[in-house]
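# Inside the fold
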Amino acid sequence: MAHHSLDSLDKKILNLIANNARIPFLEVARACNVSGAAIHQRIAKLTAQGVLKGSEFIIDPERIGFETCAYVGLYLKHPEKFDEVVEKLKKIPEVTECHYTTGGFDMFIKIYARNNHHLLNIIHDKLQPLGLSRSETIVSFNAVIDRQLPILDIPEEEEEENDDNNSDE
């Protein structure tokens, strides 16, 4: 993946909008001491580079009746059918994340269910038919940290090394 170097203005903009995606661009401009047009241009550039992937409203699953959050490690009978399984997982609305991982699992997913009984039904009725040899489920009681990746300052010598390493691309 391409690494995009961010200047101090980009970092400040990203920190402001990561904390509040609905912050008006003029408020961002004031905080950054630049024009509103400059903020629009920077946001457009960061979006075009793929640094920003858009904005969204976050629905609290518990507030709409999904009280159980679980992480499930899946072991496939036929790991070569990974892509087919991913396509089938996309059709299960309770599956909100799917990851390629290292370790013993073929894949690792995140599921929201109304309760433990609903979770059992999802695993039995929707996941098992996908060709699992087995699965391991971890129920989350509460997310104590749930945040965006912060935009940290990279020491200058590390930035220079990255620039040197990326100059061949």
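See above for the structure.
This report concerns the structure included in the present document. (Residues numbered from 1 in each chain as written. Predicted model: local features only at pLDDT ≥ 70, side-chain atom pairs only at ≥ 80, totals over all residues. Heavy atoms only, no water.)

## Notes on the packing of aromatic side chains
Aromatic ring pairs are defined here through the distance separating the ring centres and the angle between the ring planes. One pass over the full model with this rule turns up four aromatic pairs. Measuring from ring centre to ring centre gives 4.6 Å for Phe82 and Tyr100, while their planes differ by 20°; the resulting arrangement is stacked. Of the two residues, Phe82 is situated in helix H4 (residues 82-89) and Tyr100 in the loop between strand E2 (95-99) and strand E3 (107-113); the sequence distance between them amounts to 18 residues. The class for Phe82 is buried, based on a relative accessible area of 11%. One aromatic cluster is present, formed by Tyr71, Tyr75, Phe105 and Phe108 through successive ring pairs. (Phe/Tyr/Trp six-rings, centres within 6.5 Å; stacked < 30°, edge-to-face > 60°. Helix = DSSP H or I, 4+ residues; strand = E, 2+ residues; numbered from the N terminus. Buried < 20%, exposed > 50% of the residue type's maximum accessible area, 1.4 Å probe, protein only.)

## Let's talk about the side chain of Lys110
Summarising the element assignment, Lys110 is placed in strand E3. If we ignore the near neighbours within four places in the chain, the residues touching Lys110 are Cys69, Ala70, Tyr71, Glu94, Val95, Thr96 and Glu97. (Contact = heavy atoms within 4.5 Å.)

## Quick word on the pattern of salt bridges
Under the criterion given, the structure shown has eight salt bridges. The salt bridge partner of Glu87 is Lys90, with a shortest N-O separation of 3.1 Å. For Glu87, a relative accessible area of 42% translates into the label partly exposed. With relative accessibility at 60%, the residue Lys90 sits in the exposed group. Linking Glu136 and Arg134 is a salt bridge whose minimum nitrogen-to-oxygen distance equals 3.2 Å. Shared partners join several salt bridges into a network, and the residues in it are Asp7, Asp10, Arg42 and Lys45. (Salt bridge = Lys/Arg side-chain N within 4 Å of Asp/Glu carboxyl O.)

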